[in-house]
Protein chains: 2
Amino acid sequence: MARWEPGAAGRLREAAVELFARQGFDQTTAAEIAAAAGLTRRTFFRHFPDKRDVLFAGEAALERALVSAVDEAPEGLSPLSLIGLALDRASDVFVDMPRDRVRARQAIIDSDASLLERQREKYAALARAMGAALARRGIGEPAATLAAECASVVFTVALTQWLADGESRSLSVIAAEVLAELRALDVPR
Amino acid sequence: MARWEPGAAGRLREAAVELFARQGFDQTTAAEIAAAAGLTRRTFFRHFPDKRDVLFAGEAALERALVSAVDEAPEGLSPLSLIGLALDRASDVFVDMPRDRVRARQAIIDSDASLLERQREKYAALARAMGAALARRGIGEPAATLAAECASVVFTVALTQWLADGESRSLSVIAAEVLAELRALDVPR
DNA sequence: GTCTATAGTGCGATAGAC
DNA sequence: GTCTATCGCACTATAGAC
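Nothing here was measured: the structure is a model prediction, and the numbers come from that model.

The rules behind each value
- Residues numbered from 1 in each chain as written.
- Chains lettered and ligands numbered in written order.
- Predicted model: local features only at pLDDT ≥ 70, side-chain atom pairs only at ≥ 80, totals over all residues.
- Heavy atoms only, no water.
- Domains from an automatic or database assignment.
- Contact = heavy atoms within 4.5 Å.
- Buried area = accessible area lost by both parts, 1.4 Å probe.
- Salt bridge = Lys/Arg side-chain N within 4 Å of Asp/Glu carboxyl O.
- Polar contact = N/O pair within 3.5 Å; in protein donor to acceptor, adjacent residues only side chain to side chain.
- Near = heavy atom within 4 Å.
- Helix = DSSP H or I, 4+ residues; strand = E, 2+ residues; numbered from the N terminus.
- Nonpolar A, V, L, I, M, F, W, Y, C, P; charged D, E, K, R; others polar.

A. Just the domain arrangement of chain A, in detail. Residue and element names in this part refer to chain A. For chain A, the domain assignment lists domain 1 (8–51) and domain 2 (58–186). Contacts between the two partners involve eight residues from domain 1 and, on the opposite side, eight residues from domain 2. Carbon and sulfur atoms make up 61% of the surface buried where domain 1 meets domain 2, a total of about 660 Å² over both sides. Here Asp50 ties to Arg118 by a salt bridge, and the two come within 3.1 Å at their closest N and O atoms. At the junction of domain 1 with domain 2, the criterion picks out two residue pairs in polar contact (both at pLDDT 80 or more).

Written as C-alpha coordinates, this is what we have:
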(Lines give C-alpha, C1' and ligand atoms only; values in the text may rest on other atoms or scores of the structure.)
Protein backbone atom coordinates (compact mmCIF):
# COMPACT_ATOMS: atom_id res chain seq x y z
CA MET A 1 0.00 0.00 0.00
CA ALA A 2 1.23 3.47 -0.85
CA ARG A 3 2.44 5.77 1.88
CA TRP A 4 -0.28 8.22 0.86
CA GLU A 5 -3.44 7.87 -1.11
CA PRO A 6 -3.62 10.11 -4.18
CA GLY A 7 -5.92 13.12 -4.29
CA ALA A 8 -5.02 14.63 -0.96
CA ALA A 9 -6.33 18.05 -1.96
CA GLY A 10 -9.61 16.60 -3.13
CA ARG A 11 -10.06 14.58 0.05
CA LEU A 12 -9.35 17.67 2.13
CA ARG A 13 -11.95 19.64 0.17
CA GLU A 14 -14.60 16.98 0.64
CA ALA A 15 -13.88 16.59 4.32
CA ALA A 16 -13.97 20.35 4.79
CA VAL A 17 -17.42 20.74 3.22
CA GLU A 18 -18.66 17.84 5.30
CA LEU A 19 -17.35 19.23 8.59
CA PHE A 20 -18.18 22.87 7.93
CA ALA A 21 -21.75 21.85 7.08
CA ARG A 22 -22.13 19.77 10.21
CA GLN A 23 -20.54 21.97 12.86
CA GLY A 24 -20.00 25.38 11.27
CA PHE A 25 -16.99 27.06 9.70
CA ASP A 26 -15.65 28.71 12.84
CA GLN A 27 -16.16 25.60 14.94
CA THR A 28 -14.05 23.48 12.61
CA THR A 29 -10.26 23.51 12.80
CA ALA A 30 -7.83 22.77 10.04
CA ALA A 31 -6.50 19.89 12.14
CA GLU A 32 -9.94 18.25 12.22
CA ILE A 33 -10.31 18.50 8.47
CA ALA A 34 -6.86 17.04 7.96
CA ALA A 35 -7.59 14.19 10.34
CA ALA A 36 -10.85 13.39 8.56
CA ALA A 37 -8.87 13.19 5.31
CA GLY A 38 -6.21 11.02 6.91
CA LEU A 39 -3.63 13.78 6.81
CA THR A 40 -1.98 16.21 9.19
CA ARG A 41 -2.61 19.87 9.87
CA ARG A 42 0.71 20.70 8.26
CA THR A 43 -0.34 19.02 5.04
CA PHE A 44 -3.60 20.97 5.01
CA PHE A 45 -1.71 24.26 4.99
CA ARG A 46 0.67 22.98 2.36
CA HIS A 47 -2.29 22.59 -0.01
CA PHE A 48 -4.28 25.65 1.07
CA PRO A 49 -2.67 28.87 2.28
CA ASP A 50 -5.57 29.47 4.65
CA LYS A 51 -8.65 27.72 5.97
CA ARG A 52 -11.01 29.56 3.63
CA ASP A 53 -9.15 28.53 0.48
CA VAL A 54 -10.18 24.93 0.87
CA LEU A 55 -13.66 26.02 -0.27
CA PHE A 56 -12.45 27.99 -3.29
CA ALA A 57 -9.81 25.78 -4.86
CA GLY A 58 -12.28 24.87 -7.59
CA GLU A 59 -12.40 28.37 -9.05
CA ALA A 60 -9.19 27.78 -10.98
CA ALA A 61 -10.87 25.20 -13.19
CA LEU A 62 -13.76 27.56 -13.73
CA GLU A 63 -11.41 30.32 -14.82
CA ARG A 64 -9.57 28.01 -17.22
CA ALA A 65 -12.87 26.96 -18.77
CA LEU A 66 -14.14 30.50 -19.22
CA VAL A 67 -10.89 31.88 -20.59
CA SER A 68 -10.13 28.99 -22.94
CA ALA A 69 -13.62 29.17 -24.42
CA VAL A 70 -13.07 32.84 -25.27
CA ASP A 71 -9.58 32.18 -26.59
CA GLU A 72 -10.77 29.39 -28.89
CA ALA A 73 -14.00 30.91 -30.13
CA PRO A 74 -14.43 31.68 -33.86
CA GLU A 75 -14.06 35.21 -35.17
CA GLY A 76 -16.84 37.67 -35.76
CA LEU A 77 -19.01 37.04 -32.71
CA SER A 78 -20.47 39.71 -30.48
CA PRO A 79 -19.06 40.01 -26.95
CA LEU A 80 -22.31 38.61 -25.56
CA SER A 81 -22.10 35.62 -27.87
CA LEU A 82 -18.55 35.02 -26.70
CA ILE A 83 -19.82 35.04 -23.18
CA GLY A 84 -22.46 32.55 -24.12
CA LEU A 85 -19.79 30.14 -25.32
CA ALA A 86 -17.76 30.71 -22.18
CA LEU A 87 -20.73 30.07 -19.89
CA ASP A 88 -21.48 26.87 -21.72
CA ARG A 89 -17.95 25.66 -21.20
CA ALA A 90 -18.02 26.72 -17.57
CA SER A 91 -21.18 24.70 -17.04
CA ASP A 92 -19.27 21.57 -18.00
CA VAL A 93 -17.14 22.03 -14.91
CA PHE A 94 -20.24 21.39 -12.83
CA VAL A 95 -21.83 18.48 -14.65
CA ASP A 96 -20.04 15.88 -12.57
CA MET A 97 -20.66 17.63 -9.27
CA PRO A 98 -23.49 16.42 -7.09
CA ARG A 99 -25.90 19.32 -6.77
CA ASP A 100 -26.31 18.70 -3.03
CA ARG A 101 -22.62 19.04 -2.48
CA VAL A 102 -22.46 22.40 -4.28
CA ARG A 103 -25.55 23.45 -2.35
CA ALA A 104 -23.89 22.55 0.95
CA ARG A 105 -20.79 24.47 -0.04
CA GLN A 106 -22.81 27.57 -0.90
CA ALA A 107 -24.76 27.36 2.36
CA ILE A 108 -21.47 27.40 4.26
CA ILE A 109 -20.27 30.43 2.34
CA ASP A 110 -23.56 32.25 2.87
CA SER A 111 -23.25 31.70 6.61
CA ASP A 112 -20.03 33.64 7.05
CA ALA A 113 -19.26 37.21 6.03
CA SER A 114 -15.58 36.57 5.45
CA LEU A 115 -16.38 33.67 3.15
CA LEU A 116 -18.83 35.79 1.19
CA GLU A 117 -16.12 38.36 0.79
CA ARG A 118 -13.69 35.75 -0.42
CA GLN A 119 -16.25 34.62 -2.94
CA ARG A 120 -16.74 38.18 -4.19
CA GLU A 121 -12.98 38.45 -4.54
CA LYS A 122 -12.83 35.24 -6.56
CA TYR A 123 -15.60 36.37 -8.88
CA ALA A 124 -13.88 39.72 -9.31
CA ALA A 125 -10.69 37.89 -10.30
CA LEU A 126 -12.68 35.72 -12.69
CA ALA A 127 -14.14 38.81 -14.31
CA ARG A 128 -10.69 40.36 -14.67
CA ALA A 129 -9.41 37.22 -16.39
CA MET A 130 -12.41 37.20 -18.70
CA GLY A 131 -11.88 40.86 -19.49
CA ALA A 132 -8.27 40.18 -20.39
CA ALA A 133 -9.30 37.30 -22.65
CA LEU A 134 -11.82 39.50 -24.43
CA ALA A 135 -9.19 42.22 -24.81
CA ARG A 136 -6.87 39.68 -26.49
CA ARG A 137 -9.56 39.22 -29.10
CA GLY A 138 -9.50 42.90 -29.86
CA ILE A 139 -12.57 43.90 -27.86
CA GLY A 140 -11.86 47.42 -26.68
CA GLU A 141 -12.69 49.18 -23.46
CA PRO A 142 -15.06 49.59 -21.82
CA ALA A 143 -16.78 46.79 -23.79
CA ALA A 144 -14.40 44.08 -22.59
CA THR A 145 -14.86 44.94 -18.94
CA LEU A 146 -18.61 45.31 -19.29
CA ALA A 147 -18.96 41.98 -21.06
CA ALA A 148 -16.74 40.23 -18.53
CA GLU A 149 -18.75 41.58 -15.62
CA CYS A 150 -21.93 40.54 -17.37
CA ALA A 151 -20.55 37.04 -17.67
CA SER A 152 -19.82 36.98 -13.97
CA VAL A 153 -23.31 38.18 -13.09
CA VAL A 154 -25.07 35.79 -15.46
CA PHE A 155 -23.02 32.92 -14.11
CA THR A 156 -23.79 33.83 -10.50
CA VAL A 157 -27.51 34.16 -11.16
CA ALA A 158 -27.58 30.93 -13.12
CA LEU A 159 -25.69 29.05 -10.42
CA THR A 160 -28.09 30.31 -7.77
CA GLN A 161 -31.02 29.11 -9.85
CA TRP A 162 -29.34 25.76 -10.46
CA LEU A 163 -29.10 25.30 -6.71
CA ALA A 164 -32.67 26.37 -6.02
CA ASP A 165 -35.08 23.88 -4.49
CA GLY A 166 -36.84 21.75 -7.05
CA GLU A 167 -34.68 22.92 -9.97
CA SER A 168 -33.77 20.03 -12.22
CA ARG A 169 -32.53 21.62 -15.45
CA SER A 170 -28.84 21.56 -16.23
CA LEU A 171 -26.65 24.55 -15.48
CA SER A 172 -25.95 25.13 -19.16
CA VAL A 173 -29.66 25.34 -19.98
CA ILE A 174 -30.25 27.75 -17.12
CA ALA A 175 -27.24 29.89 -18.06
CA ALA A 176 -28.49 30.17 -21.64
CA GLU A 177 -31.87 31.27 -20.34
CA VAL A 178 -30.37 33.88 -18.02
CA LEU A 179 -28.22 35.20 -20.85
CA ALA A 180 -31.36 35.52 -22.96
CA GLU A 181 -32.92 37.56 -20.14
CA LEU A 182 -29.87 39.80 -20.12
CA ARG A 183 -30.26 40.36 -23.85
CA ALA A 184 -33.91 41.25 -23.29
CA LEU A 185 -33.23 43.90 -20.64
CA ASP A 186 -33.89 46.71 -23.09
CA VAL A 187 -37.38 45.55 -23.96
CA PRO A 188 -40.00 47.93 -22.46
CA ARG A 189 -42.39 46.39 -19.96
CA MET B 1 -18.85 80.03 20.75
CA ALA B 2 -20.82 76.86 20.45
CA ARG B 3 -19.54 73.75 22.07
CA TRP B 4 -19.72 72.01 18.73
CA GLU B 5 -19.59 73.27 15.18
CA PRO B 6 -22.15 71.75 12.84
CA GLY B 7 -21.20 69.09 10.35
CA ALA B 8 -18.99 66.98 12.53
CA ALA B 9 -19.33 63.93 10.29
CA GLY B 10 -18.40 65.91 7.19
CA ARG B 11 -15.37 67.40 8.88
CA LEU B 12 -14.25 63.97 9.99
CA ARG B 13 -14.60 62.64 6.46
CA GLU B 14 -12.58 65.48 4.97
CA ALA B 15 -9.87 65.20 7.57
CA ALA B 16 -9.72 61.46 7.06
CA VAL B 17 -9.16 61.68 3.29
CA GLU B 18 -6.54 64.36 3.87
CA LEU B 19 -4.61 62.34 6.44
CA PHE B 20 -4.98 58.95 4.77
CA ALA B 21 -3.69 60.46 1.54
CA ARG B 22 -0.73 62.06 3.23
CA GLN B 23 0.45 59.32 5.56
CA GLY B 24 -1.43 56.18 4.60
CA PHE B 25 -4.48 54.41 6.00
CA ASP B 26 -2.68 52.21 8.51
CA GLN B 27 -0.44 55.02 9.66
CA THR B 28 -3.36 57.24 10.57
CA THR B 29 -5.23 56.77 13.84
CA ALA B 30 -8.83 57.61 14.57
CA ALA B 31 -7.60 59.97 17.25
CA GLU B 32 -5.56 61.95 14.70
CA ILE B 33 -8.52 62.31 12.39
CA ALA B 34 -10.73 63.43 15.24
CA ALA B 35 -8.16 65.96 16.41
CA ALA B 36 -7.82 67.35 12.88
CA ALA B 37 -11.60 67.84 12.86
CA GLY B 38 -11.59 69.42 16.32
CA LEU B 39 -13.20 66.41 17.95
CA THR B 40 -12.24 63.49 20.12
CA ARG B 41 -11.57 59.90 19.29
CA ARG B 42 -14.79 58.82 21.02
CA THR B 43 -16.86 61.09 18.80
CA PHE B 44 -15.23 59.63 15.72
CA PHE B 45 -16.51 56.19 16.65
CA ARG B 46 -19.94 57.57 17.44
CA HIS B 47 -20.23 58.71 13.82
CA PHE B 48 -18.51 55.78 12.16
CA PRO B 49 -18.69 52.27 13.57
CA ASP B 50 -15.20 51.62 12.32
CA LYS B 51 -12.26 53.43 10.81
CA ARG B 52 -12.98 52.28 7.26
CA ASP B 53 -16.53 53.56 7.31
CA VAL B 54 -15.38 57.16 7.31
CA LEU B 55 -14.51 56.63 3.63
CA PHE B 56 -17.82 55.06 2.68
CA ALA B 57 -20.41 57.18 4.46
CA GLY B 58 -21.23 58.83 1.13
CA GLU B 59 -22.67 55.65 -0.35
CA ALA B 60 -25.96 56.23 1.45
CA ALA B 61 -26.67 59.32 -0.67
CA LEU B 62 -25.77 57.36 -3.78
CA GLU B 63 -28.19 54.62 -2.84
CA ARG B 64 -30.99 57.09 -2.15
CA ALA B 65 -30.41 58.72 -5.54
CA LEU B 66 -30.41 55.44 -7.45
CA VAL B 67 -33.43 54.00 -5.68
CA SER B 68 -35.54 57.16 -5.77
CA ALA B 69 -34.92 57.57 -9.49
CA VAL B 70 -36.26 54.07 -10.10
CA ASP B 71 -39.20 54.60 -7.75
CA GLU B 72 -40.22 57.82 -9.45
CA ALA B 73 -39.66 56.86 -13.08
CA PRO B 74 -42.61 56.79 -15.49
CA GLU B 75 -44.26 53.53 -16.49
CA GLY B 76 -43.45 51.47 -19.53
CA LEU B 77 -39.69 51.80 -19.66
CA SER B 78 -37.27 48.94 -20.18
CA PRO B 79 -35.10 47.91 -17.22
CA LEU B 80 -32.05 49.36 -18.98
CA SER B 81 -33.82 52.66 -19.49
CA LEU B 82 -34.70 52.69 -15.81
CA ILE B 83 -31.09 52.24 -14.83
CA GLY B 84 -30.21 55.00 -17.28
CA LEU B 85 -32.42 57.36 -15.29
CA ALA B 86 -30.95 56.09 -12.04
CA LEU B 87 -27.38 56.61 -13.24
CA ASP B 88 -28.22 60.12 -14.28
CA ARG B 89 -29.58 60.90 -10.84
CA ALA B 90 -26.60 59.25 -9.20
CA SER B 91 -24.27 61.44 -11.21
CA ASP B 92 -25.83 64.48 -9.58
CA VAL B 93 -24.45 63.30 -6.26
CA PHE B 94 -20.97 63.88 -7.65
CA VAL B 95 -21.38 67.22 -9.44
CA ASP B 96 -20.41 69.22 -6.39
CA MET B 97 -17.47 67.03 -5.48
CA PRO B 98 -14.01 68.16 -6.51
CA ARG B 99 -12.67 65.49 -8.84
CA ASP B 100 -9.31 65.54 -7.09
CA ARG B 101 -10.89 64.75 -3.78
CA VAL B 102 -12.75 61.73 -5.19
CA ARG B 103 -9.52 60.69 -6.91
CA ALA B 104 -7.63 60.91 -3.62
CA ARG B 105 -10.29 58.85 -1.90
CA GLN B 106 -10.13 56.16 -4.57
CA ALA B 107 -6.35 56.06 -4.43
CA ILE B 108 -6.57 55.39 -0.70
CA ILE B 109 -9.06 52.59 -1.23
CA ASP B 110 -6.94 51.05 -3.97
CA SER B 111 -3.95 51.00 -1.65
CA ASP B 112 -5.49 48.69 0.95
CA ALA B 113 -7.02 45.27 0.47
CA SER B 114 -9.46 45.64 3.34
CA LEU B 115 -10.74 48.91 1.90
CA LEU B 116 -11.20 47.35 -1.52
CA GLU B 117 -13.15 44.62 0.16
CA ARG B 118 -15.34 47.15 1.90
CA GLN B 119 -15.95 48.90 -1.40
CA ARG B 120 -17.03 45.66 -3.07
CA GLU B 121 -19.38 45.08 -0.17
CA LYS B 122 -20.89 48.54 -0.57
CA TYR B 123 -21.43 48.10 -4.29
CA ALA B 124 -23.01 44.72 -3.66
CA ALA B 125 -25.40 46.36 -1.21
CA LEU B 126 -26.16 49.08 -3.74
CA ALA B 127 -27.01 46.47 -6.34
CA ARG B 128 -29.30 44.67 -3.90
CA ALA B 129 -31.14 47.91 -3.18
CA MET B 130 -31.49 48.63 -6.89
CA GLY B 131 -32.76 45.11 -7.49
CA ALA B 132 -35.39 45.58 -4.81
CA ALA B 133 -36.47 48.89 -6.33
CA LEU B 134 -36.82 47.29 -9.75
CA ALA B 135 -38.79 44.42 -8.22
CA ARG B 136 -41.21 46.96 -6.69
CA ARG B 137 -41.94 48.12 -10.22
CA GLY B 138 -42.93 44.63 -11.20
CA ILE B 139 -39.71 43.64 -12.92
CA GLY B 140 -39.42 39.92 -12.33
CA GLU B 141 -36.43 37.73 -11.66
CA PRO B 142 -33.84 37.29 -12.88
CA ALA B 143 -34.29 40.54 -14.85
CA ALA B 144 -34.31 42.76 -11.76
CA THR B 145 -31.08 41.33 -10.40
CA LEU B 146 -29.41 41.40 -13.82
CA ALA B 147 -30.37 45.01 -14.43
CA ALA B 148 -29.29 46.07 -10.94
CA GLU B 149 -25.90 44.43 -11.36
CA CYS B 150 -25.55 46.06 -14.77
CA ALA B 151 -26.23 49.42 -13.15
CA SER B 152 -23.51 48.76 -10.60
CA VAL B 153 -21.01 47.76 -13.28
CA VAL B 154 -21.82 50.68 -15.57
CA PHE B 155 -21.53 53.07 -12.65
CA THR B 156 -18.18 51.64 -11.56
CA VAL B 157 -16.75 51.79 -15.08
CA ALA B 158 -18.05 55.32 -15.59
CA LEU B 159 -16.67 56.51 -12.28
CA THR B 160 -13.26 55.06 -13.11
CA GLN B 161 -13.30 56.87 -16.43
CA TRP B 162 -14.44 60.10 -14.76
CA LEU B 163 -11.39 59.91 -12.50
CA ALA B 164 -8.96 59.11 -15.31
CA ASP B 165 -6.17 61.53 -16.08
CA GLY B 166 -7.19 64.21 -18.54
CA GLU B 167 -10.89 63.33 -18.46
CA SER B 168 -13.01 66.46 -18.40
CA ARG B 169 -16.51 65.31 -19.33
CA SER B 170 -19.17 65.13 -16.64
CA LEU B 171 -19.98 61.85 -14.94
CA SER B 172 -23.49 61.83 -16.37
CA VAL B 173 -22.18 62.13 -19.94
CA ILE B 174 -19.69 59.33 -19.35
CA ALA B 175 -22.30 57.12 -17.70
CA ALA B 176 -24.63 57.58 -20.66
CA GLU B 177 -21.83 56.59 -23.00
CA VAL B 178 -20.93 53.49 -20.99
CA LEU B 179 -24.58 52.47 -20.88
CA ALA B 180 -24.69 52.83 -24.67
CA GLU B 181 -21.68 50.50 -24.87
CA LEU B 182 -23.50 47.99 -22.69
CA ARG B 183 -26.48 48.13 -25.05
CA ALA B 184 -24.14 47.50 -27.97
CA LEU B 185 -22.54 44.37 -26.48
CA ASP B 186 -24.52 42.11 -28.77
CA VAL B 187 -23.24 43.71 -31.97
CA PRO B 188 -20.82 41.33 -33.76
CA ARG B 189 -17.29 42.65 -34.20
C1' DG C 1 6.99 35.09 25.94
C1' DT C 2 6.25 40.63 27.35
C1' DC C 3 5.19 45.29 26.02
C1' DT C 4 3.04 48.80 23.36
C1' DA C 5 -0.17 50.95 20.36
C1' DT C 6 -4.45 51.03 18.43
C1' DA C 7 -9.26 49.45 17.21
C1' DG C 8 -13.49 49.41 19.06
C1' DT C 9 -17.14 49.54 23.17
C1' DG C 10 -20.04 50.79 27.44
C1' DC C 11 -21.41 54.08 30.51
C1' DG C 12 -21.99 58.15 32.78
C1' DA C 13 -21.16 63.20 32.88
C1' DT C 14 -21.62 67.63 30.59
C1' DA C 15 -22.61 71.43 27.47
C1' DG C 16 -25.31 73.24 24.58
C1' DA C 17 -30.13 73.69 21.67
C1' DC C 18 -35.03 73.74 22.22
C1' DG D 1 -37.20 70.98 32.08
C1' DT D 2 -35.95 67.45 27.55
C1' DC D 3 -33.05 66.00 23.92
C1' DT D 4 -28.82 65.31 21.58
C1' DA D 5 -23.95 65.64 20.53
C1' DT D 6 -19.81 65.53 22.66
C1' DC D 7 -16.52 64.15 26.03
C1' DG D 8 -13.69 61.35 29.38
C1' DC D 9 -12.61 57.25 31.38
C1' DA D 10 -12.04 52.50 31.69
C1' DC D 11 -12.22 48.36 29.48
C1' DT D 12 -11.23 44.19 26.06
C1' DA D 13 -8.98 42.42 22.07
C1' DT D 14 -5.51 42.09 18.92
C1' DA D 15 -1.52 42.92 15.97
C1' DG D 16 3.20 43.95 15.87
C1' DA D 17 7.80 44.99 18.01
C1' DC D 18 11.20 43.05 20.57
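Don't stop here, the text continues.
B. Region of the structure containing the protein's contact with DNA strand D. Residues and elements named next belong to chain B. With respect to spatial proximity, ten residues lie near DNA strand D, and among them Ala8, Arg42, Thr43, Arg46 and His47 are the closest. Near the protein, meaning within 4 Å, the atoms of DNA strand D are sugar or phosphate in a fraction of 69%, with bases accounting for the rest. Arg46 is positioned with one of its side-chain polar atoms (N or O) 3.4 Å from a phosphate oxygen of DNA strand D. Looking at which element gives the most residues to the surface near DNA strand D, the answer is helix α3 (residues 41–47), with four residues. Class assignment for the residues of the surface near DNA strand D results in three nonpolar, four polar and three charged.

C. Representation of unusual backbone geometry within the structure. Of the consecutive residues Glu141 of chain A and Pro142 of chain A, the connecting peptide bond is found in the cis state with omega at 5°. Structurally, Pro142 of chain A is set in the loop between α7 (113–136) and α8 (143–162).

D. Molecular detail of the interface of chain A and chain B. On the chain B side, the residues contacting the 31 residues of chain A number 31 residues. Summed over both sides, the interface between chain A and chain B buries roughly 2500 Å², with carbon and sulfur atoms accounting for 71% of that surface. Residue Arg183 of chain B is joined to Asp186 of chain A by a salt bridge in which the shortest nitrogen-to-oxygen separation is 2.7 Å. Across the contact surface, chain A and chain B share eight residue pairs in polar contact (both at pLDDT 80 or more). Listed by contribution, the elements that provide at least two residues to the side of chain A that touches chain B are α5 (79–95), α7, α8 and α9 (171–183) of chain A. Examining the composition of the side of chain A that touches chain B, we find that nine residues originate from one element, α8 of chain A, more than from any other.

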